[in-house]
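# Notes for the structure review
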Amino acid sequence: MASATAIIISAAIVAMLWALAQFMLVSRIPVRSEGISDSTGLVAGNNDEATTRRLVEIYSAIYEGAESFLRAEYTVCAWFILVFSAIIFVLVSWGTGWDFARGTFTMLSFILGACTSILSGYLGMKVAVYSNVRTTVSAQKSGWTLCFNTAFRAGAVMGFALCGLGIFMLYVTLLAFRIHYPEPEQWVHLTECLTGYGLGGSSIAMFGRVGGGIYTKAADVGADLVGKVVHGIPEDDPRNPATIADNVGDNVGDVAGMGSDLFGSFAEATCAALVLGSSIGLSGGWDAMVFPVAVSAVGVFVCLICSFIATHIKPVKSEADVESALKLQLISTTVLMIPAVYIAATTFLPEAFKLRKTVGVDVLTLNPWEATLCVIMGAVGGLIIGLITEYYTSHSYAPVRELADSCKTGAATNMIYGIALGYKSAIIPVLVLSVVVYGSFAVADMYGVSLAAIGFLSNLATGLTIDVYGPVCDNAGGIAEMAELDPYVREKTDALDAAGNTTAAIGKGFAIGSAALVSLALFGAFVTRIRNASGDELFTNGVNMLEPLTFAFLIIGGMIPFAFAAMTMKSVGVAAMEMVMEVQRQFDEKPHLLDANPTERPDYDACIAISTNASLKEMVPPGMLVIFTPLLTGLFFGVFAVSGLLVGSLVASVQLAISMSNSGGAWDNAKKYIEKASPDSDLKGKGSDVHKAAVVGDTVGDPFKDTSGPALNIVMKLMAVLSLVFADTFYAVKGGAGFFQL
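Residues numbered from 1 in each chain as written. Predicted model: local features only at pLDDT ≥ 70, side-chain atom pairs only at ≥ 80, totals over all residues. Heavy atoms only, no water.

## Considering the environment of A176
Within the secondary structure, A176 is located in helix α4 (residues 145-180). A relative accessible area of 40% means that A176 is categorised as partly exposed. Residues A176 and T51, 125 residues apart in the sequence, show an inter-C-alpha distance of 53 Å. (Helix = DSSP H or I, 4+ residues; strand = E, 2+ residues; numbered from the N terminus. Buried < 20%, exposed > 50% of the residue type's maximum accessible area, 1.4 Å probe, protein only.)

Here it is in structure tokens:
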């Protein structure tokens, strides 16, 4: 029988090799304008060479812009890692009675998690930029299979590389720490030291999501307002000075930021499950304790097998196949995970194993089937939330079509309908999350909730593949427009992108749902760690929310997501205003830019500089709010205040994140639905007043769905994992009462 170590390491290596194989397939496509068939160019005669030069020029500009921004962003992150790792070493060592081994190991795992997150984001950006132009070239060919497969494989490079890298780094860190903590009785310290890995991943994800989100939406909003609304030029028109910055933003925000975000979710879910299940090692051994990592490893193999459905078994042959192919990936991986998890559970878990309850002094006796059931609840719950998200954000269904219809009476009714749609879309996902939490907790206590979170992320490789696919297609369309390729190419990339918009919304639904479960599991781990530190004096019977201090901070915790959303939304607004003024300045100083065939080029670099400077400056305050609120609360007000803060933040963040993400996704697809309409129809089509009203909605929705909304899931996770890392430190201050001892 294979050991868990063999399966986990094998899965990590296979994932990275598979990512390399997909990259090689994408790289075989030359950056050359060739036309509808191998011999026919869309651009007649010698213009093919000029078009190829233009494609390379645009690709290089996007690459250089993304590279320079990430280099600047990660320089800021490097300084943060340096300073915060020192804080972790001092506070954790002090909180554990000057146990320098635990302080050092927690610091090292934090640095490793942060560096892995940076590498994940950077790798995603590289692959996306490399693949965007090749998707554009593929869209020149007849048929849909090649261009879909190019974008899908680009996503697979990111998905499998990140999963393989994340699993490998986390497990190797575990094995290294095991040398110092060889006995099962010591594994509780091992898992507590590993929590730094989740904190490192989530800290960088916060800066990546917020910084990248501000960058991309400042450029997008600026380009849309001046270009489409004021001057009526198409999206991604090469005459618009903000268009390169907009395309750079897709790579640094939607790809690099999102990659770091989902890596953080994986790391935190695993850390929470290991802390909560550390006592399993006493009765079940090492393989039983690392079962949560084994689930992620099995998920890699499942996602790899199911990827053949999209590229070989049922390839995309028409526009109608695109959305169904992506949806089939999510459904097939979820269905196949059910038997795969059961096999893993019966292989690595003993027939009966014991687990200490999070609340009370009882010991649970669990079996493999109960562990499997918790993972399945998470996986199926994730799929349901994904499909509900699709219903509310895809223009194939009534809600978005109603939203498009509301644009006939102007932007105001579009705004009212869109906000209402977002609020309404939160109802079923929240009910599903509640059922999953109740069911998994009833089966296996808080450990069951952590396994449900692992279940949500069990098909992470596929989720990431689909997530990256969207921005790649969006960029491919932008490149086609800027290179002035045949409108047929842009129509094809727009169709691919429309499906990508919906699947990106589905991906955000997955991320928010998993973040809620991860945060709850981390909170459970925090309670467990305080119980261990206090010798069962605190939280033995759970957290009493009617304690005045706890309830007061519950209300404060509920305010944090709104403060965070306000800061990030305003940051986008400030940067977008600067972008609008710069674009308008260029149009005023160079009026010939708006000619049908202008003789001069816009100054793209000025707009890239505005987005870069704004995002680097504006990403720090929201990040500091989220990082220092729980840290200062724990040190000054104690562990009861932290408990209220975490619960309030979790409850408010889930609702706000779902509603903001879905409102933004719906506004975007309502605009695309109107653009597909003919001028003779009710919706009047592109360039009409109805379309302008939809563009306003889409512009407001941009920071909703790509900056504030998705970053809120990091808010709840980061606050919870930070509290977990510093749990012993909080208890060391006046026995958990804090310096103020209220």
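## Side note on the pattern of salt bridges
Here the structure, examined in full by the defined rule, presents 30 salt bridges. Its salt-bridge partner being E192, residue R102 comes within 2.9 Å of it at the nearest N-O pair. Placement of the pair is R102 in helix α3 (residues 100-139) and E192 in helix α5 (residues 187-230), with a sequence separation of 90 residues. In this pair, the class of R102 matches that of E192, namely buried. Of the charged contacts, one joins D668 and K705 as a salt bridge, the two residues approaching to 3.5 Å between their closest N and O atoms. Placement of the pair is D668 in helix α19 (residues 639-676) and K705 in helix α20 (residues 689-725), with a sequence separation of 37 residues. Each member of the pair, D668 as well as K705, carries the same accessibility label: buried. Linked through salt bridges whose partners overlap, the residues forming this network are K217, D220, D497, D668, K671, K672, D698, D702, K705 and D706. (Salt bridge = Lys/Arg side-chain N within 4 Å of Asp/Glu carboxyl O.)

## Overview of the packing of aromatic side chains
Counted under the stated rule, the structure contains 26 aromatic pairs. Ring plane angle 50° and centroid distance 4.8 Å describe the contact between F69 and Y215, whose orientation is recorded as tilted. Of the two residues, F69 is situated in helix α2 (residues 47-95) and Y215 in helix α5; the sequence distance between them amounts to 146 residues. A relative accessible area of 0% places Y215 in the buried class. Their ring planes at 70° and their centres at 5.2 Å tell us that F80 and F207 sit as a pair that is edge-to-face. With a gap of 127 residues between them, F80 in helix α2 and F207 in helix α5 connect regions that are remote in the sequence. By relative accessible area, which is 11% here, F80 ends up buried. F207 sits in the buried class, given a relative accessible area of 4%. Ring pairs connect the aromatic residues F80, F84, F110, F207 and F726, which therefore count as one cluster. Seen from the ring of Y130, R134 lies directly overhead, with NZ or CZ sitting 3.7 Å from the centre. (Phe/Tyr/Trp six-rings, centres within 6.5 Å; stacked < 30°, edge-to-face > 60°. Lys NZ or Arg CZ within 6 Å of the ring centre and 35° of its normal.)

## Here we look at α20
Relative to the 54 Å expected for 37 residues at 1.5 Å per residue, α20 spans 54 Å between its end C-alpha atoms, a close match to the ideal helical length. In the structure, α20 departs most strongly from a straight axis at G701, where the bend amounts to approximately 35° and where the proline P703 lies between one and four residues downstream. Burial within α20 is extensive, with 33 of its 37 residues counted as buried. (Expected span 1.5 Å × (residues − 1). Bend = angle between axes of the 7 residues up to and from the residue.)

## Quick notes on the layout of surface pockets
To locate leftover empty space, one rolls a probe as large as a water molecule over the atoms. As a volume, the second largest pocket reaches approximately 410 Å³. Together, 21 residues line the second largest pocket, and V437, L520, V647, L650 and V651 are the ones closest to its centre. At the level of elements, α13 (427-456), α15 (487-533) and α19 are the ones that each hand at least two residues to the lining of the second largest pocket. Element by element, the count of residues in the lining of the second largest pocket is highest for α15, at six residues. Partitioning the lining of the second largest pocket into residue classes produces 16 nonpolar, five polar and no charged. (1 Å grid on protein atoms, 1.4 Å probe; cavity = no way out; pocket = protein on both sides within 12 Å on 5 of 7 lines; lining within 4 Å. Points joined across faces, edges and corners; volume = space filled by probe spheres on them. Nonpolar A, V, L, I, M, F, W, Y, C, P; charged D, E, K, R; others polar.)

## Some remarks on helix α18 (residues 620-637)
A rise of 1.5 Å per residue sets the reference length of α18, with its 18 residues, at 26 Å; its end C-alpha atoms lie 25 Å apart and thus fit the reference within 8%. The largest bend along α18 measures about 30° and falls at F628, with the proline P630 one to four residues further on. Trailing α18 by a residue or two, G638 shows a phi angle of about 95°, which is positive.

## Thoughts on the packing of helix α16 (residues 548-589) against α19
Remark: α16 packs on α19, axes separated minimally by 6 Å, with the N-to-C direction vectors making an angle of 40°. By the angle between their directions, the pair α16 and α19 is classed as oblique. Note on packing geometry: the crossing formed by α16 with α19 is right-handed. Contacts between α16 and α19 involve L549, T550, F553, L554, I556, G557, G558, P561, F562, A565 and M569 from the first element and F640, A641, G644, L645, V647, G648, S649, A652, S653, L656 and M660 from the second. (Axes fitted to C-alpha atoms, helices over the stretch in contact; angles between N-to-C directions. Parallel < 35°, antiparallel > 145°, perpendicular 65-115°, else oblique. Left-handed = near helix turned anticlockwise from the far one by under 90°. Contact = heavy atoms within 4.5 Å.)

## Some points on the confidence of the model for the protein chain
With 98% of its residues at a pLDDT of 70 or more, the protein chain shows a mean pLDDT of 91. Here α15 is the element of the protein chain with the lowest mean pLDDT, 86, and helix α12 (residues 411-425) is the one with the highest, 97. In the model, residues 36-46 has pLDDT below 50 throughout and makes 16 contacts with residues more than four positions away in sequence or in other chains. (pLDDT = per-residue confidence, 0-100.)

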